[in-house]
Protein chains: 2
Amino acid sequence: MTVTHPAGFRAAGVAAGLKSSGDPDVALVVNDGPHDAAAAVFTTNRFPAAPVLWSRQVLAEGRARAVVLNSGGANACTGPDGFADTHATAEHVAEQLGIGAIDVAVASTGLIGIRLPMDRLTAGVTAAAATLSTEGGADAARAIMTTDSVPKTTVQARDGWSIGGMAKGAGMLAPSLATMLVVLTTDAVVPAELLGPALRTATALSVERVDSDGCLSTNDTVVVLSSGASGVTPTPEEFAEALQAASLDLAMQLLADAEGSTKDIAITVRNAATVADALTAGRACARNNLLKTALFGNDPNWGRVLAAIGTTDAAFEADRVDVTINGVTVCRGGAIGDDRDGVDLTGRAVTIDVDLAAGSEQATIWTNDLSIAYVHENSAYST
Amino acid sequence: MTVTHPAGFRAAGVAAGLKSSGDPDVALVVNDGPHDAAAAVFTTNRFPAAPVLWSRQVLAEGRARAVVLNSGGANACTGPDGFADTHATAEHVAEQLGIGAIDVAVASTGLIGIRLPMDRLTAGVTAAAATLSTEGGADAARAIMTTDSVPKTTVQARDGWSIGGMAKGAGMLAPSLATMLVVLTTDAVVPAELLGPALRTATALSVERVDSDGCLSTNDTVVVLSSGASGVTPTPEEFAEALQAASLDLAMQLLADAEGSTKDIAITVRNAATVADALTAGRACARNNLLKTALFGNDPNWGRVLAAIGTTDAAFEADRVDVTINGVTVCRGGAIGDDRDGVDLTGRAVTIDVDLAAGSEQATIWTNDLSIAYVHENSAYST
């Protein structure tokens, strides 16, 4: 039941005709309270889409009563007119629900640089509001899909309270195309001043470590809503643990459904001087097209791992770096290690361990390979 | 005649069996003087290959008498043994030519992380030295090819002196695979203290602005040798102009032969606050897989240009940025501009003009599209 698993939430998903396929494309999630604490994390792209600009204002006070989401158009780079469209959407949701527009967060995904067909979107919101249900989570999760092949949902049930969630995004392999939208709900009693920090920590350790090519979306949005309907107040640690588990579950589903991918690649950088160094080195690998094409070709090309790390400013000595691919230490001390022919890359899961021998910190970045299907899908998207 | 066009140079190219194809794979370029001024620019990758480590020492004094180059193996990430191989290669060249090993620069290209077959390489050097000729430039240019489909050469003839050059690298689209090696020769009289700065300026404005995915090679090397055999001393400005023309000519040939590419893309960022900002914004576009796949699909997806620039710290206001693709200003003020259907992307040449409206500086970055053939070629390279 995803976002409607926790008590106090209703949701809906309808087809409004924004997608030419006729598939569902408008989702609505409503928090019926009694609480309305909320928090969000948004893209850091300097061309934030109109719904991001709007929702930042909504969430500024740590409150929200509803989230309306649409696929079929990102409403990004659409100027003041696009912002007016987002505002009008929130106003229409508010009218339907008898709340204020400033209580309504908006999220959009689809092609950048085109206006939304507002007549269709408005009619879709009306229809969604009319079908809101405590069983509507699955419909909502389906309505936010773009190139996703399956809906992504999660439920983390704890002692008398739970967290539900849904996500869209066919892998961070293409976040600028397949924007990541995540809605998390909880019936735990969580004050807004705890919700924000918990969300930022949870995303920093999950979705923000799924990385591929640095193509940062204009629309990425992660929202968490708390109804408090369970009446249970977990400890901050308990809540943080569950929120991170929900975020990580969704992140791994995004990874598994990445556009055209044939590999799920976990790059762990160990013995770094700092976590930042480990992340920098891991991201350099995750964004290296040569490494990603090699892995698509089942080639344990560890030289491309070193070449990628060699472009960073992470602390390391070149002759002390080890690289292990799927358990075989193919590079020792920056030079030739065990026989690369011993590396089995036929499965979907690939682990790359890089030992920088420069400290005691570590971090893992998840990515996918760069496949022919990825190029095909992304070259044919808008045409 | 490429590197042997200027007086005072001999060259050769032979097949030593380093490549399984049997194609030529060892090249030798010798400066017979009377001068031996030389300068070089090397990769900034922190895992420099053995020949880069060696050649930095050779060039440290601003002198060199010969350059030996091999394809069929990069001799990168090969540790002390690999360095010994490079040293032995230089020693063998020196013996053949009756000069010192410290006069011999070495450059290698091919797969990272494998040792060179030294018996074959040594025999190849012997054969190359035996066939050195003032007509040997074309053979040398052919022997340094890897995935290049054609040899790249240039001649810049001036009043009584000239510059010759050869390059390999199937586009900077894949410099870590198809390392860029460039040898430039001149019979002008140019003191070493002028040669270095002129080379750094020439490369900064040419090969270093051909960029694609940030995959920096472990082996990139650009060397210039001056024989002084013409007896003519051009002004520093005259020499700098010719050297830059030679570098740019080779850079455009690299771009045109990029692995699997179907587009040559020139990204010009105008009205930037600084040249650095223009380069940063241009490189962000050149490294954005979503934009590059869109262009492969003949899709003028300007939203991906903004999304790429939006990840940088270049100075601009989001609502003042214009984007023009092949003459059509598809984005005005960060929002929808002229009809994207008016953009003709059927040809190989693509120009993307970004106006940041933040100053008066500009720079152009050249790149290629990301094609299915690129993925295919790079996934199948070493297997």
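Residues numbered from 1 in each chain as written. Chains lettered and ligands numbered in written order. Predicted model: local features only at pLDDT ≥ 70, side-chain atom pairs only at ≥ 80, totals over all residues. Heavy atoms only, no water.

- As recorded by an unreviewed UniProt entry, chain A carries the name Arginine biosynthesis bifunctional protein ArgJ and is attributed to Goekera deserti.
- On record in UniProt, under Sequence similarities (unreviewed entry), the comment for chain A is "Belongs to the ArgJ family."
- For the record of chain A, the UniProt heading Function (unreviewed entry) holds the text "Catalyzes two activities which are involved in the cyclic version of arginine biosynthesis: the synthesis of N-acetylglutamate from glutamate and acetyl-CoA as the acetyl donor, and of ornithine by transacetylation between N(2)-acetylornithine and glutamate." (UniProt positions renumbered as here; feature names shortened; annotations may be inferred.)

1. Description of the domain arrangement of chain A
Residue and element names in this part refer to chain A.
And then number 1: Per the domain assignment, the segments making up chain A are domain 1 (2-256) and domain 2 (264-379).
And then number 2: Measuring from the centre of the C-alpha atoms in domain 1 to the corresponding centre in domain 2 gives 33 Å.
And then number 3: Each partner contributes to the roughly 1,500 Å² buried at the junction of domain 1 and domain 2, and carbon and sulfur atoms together form 52% of this total.
And then number 4: Linking domain 1 with domain 2 are four residue pairs in polar contact (both at pLDDT 80 or more). (Domains from an automatic or database assignment. Buried area = accessible area lost by both parts, 1.4 Å probe. Polar contact = N/O pair within 3.5 Å; in protein donor to acceptor, adjacent residues only side chain to side chain.)

2. What about the packing of aromatic side chains?
And then number 1: Within this structure, the stated rule accounts for six aromatic pairs over all chains.
And then number 2: A centroid spacing of 5.3 Å and a plane angle of 15 degrees characterise the contact between Phe47 of chain A and Phe316 of chain B, whose relative ring orientation is stacked. Highlighted residues: Phe47 of chain A in the loop between strand E3 (37-42) and helix H1 (50-59) and Phe316 of chain B in the loop between helix H9 (302-309) and strand E11 (322-325), drawn from two different chains. (Phe/Tyr/Trp six-rings, centres within 6.5 Å; stacked < 30°, edge-to-face > 60°. Helix = DSSP H or I, 4+ residues; strand = E, 2+ residues; numbered from the N terminus.)

3. Observations concerning the packing of helix H7 (residues 275-286) of chain A against helix H9 (residues 302-309) of chain A
Residues and elements named next belong to chain A.
And then number 1: Between H7 and H9, the shortest axis-to-axis distance is 8 Å and the interhelical angle comes to 125 degrees. Judged by the angle between their axes, H7 and H9 are oblique. The crossing of H7 and H9 is right-handed. Of the residues in H9, those in contact with Ala281, Ala284 and Cys285 of H7 are Val305, Ala308 and Ile309.
And then number 2: In the contact of H7 with H9, the residues fall into six nonpolar, no polar and no charged. (Axes fitted to C-alpha atoms, helices over the stretch in contact; angles between N-to-C directions. Parallel < 35°, antiparallel > 145°, perpendicular 65-115°, else oblique. Left-handed = near helix turned anticlockwise from the far one by under 90°. Contact = heavy atoms within 4.5 Å. Nonpolar A, V, L, I, M, F, W, Y, C, P; charged D, E, K, R; others polar.)

4. Focus: the environment of Gly347 of chain A
And then number 1: Here Gly347 of chain A lies in the loop between strand E13 (335-336) and strand E14 (349-355).
And then number 2: For the pair Gly347 of chain A and Lys263 of chain A, spaced 84 residues apart in the sequence, the C-alpha separation amounts to 7.6 Å.

5. Some points on the sheet that holds strand E2 (residues 26-31) of chain B
Residues and elements named next belong to chain B.
And then number 1: Strands sit in the order E1-E2-E4-E5 across an open sheet of four strands; the sheet is mixed. With one partner strand each, in any of the chains shown, strand E1 (9-14) and strand E5 (104-108) form the two edges of the open sheet. This sheet shows a mean twist of 10 degrees between the axes of neighbouring strands, independent of strand direction.
And then number 2: Two strands pair when backbone bridges link them, and E1 and E2 are joined in this way by six bridges, in the antiparallel orientation. When the sheet's bridge partners are listed, Phe9 is paired in E2 with Asn31. (Pairing = 2+ DSSP bridges.)

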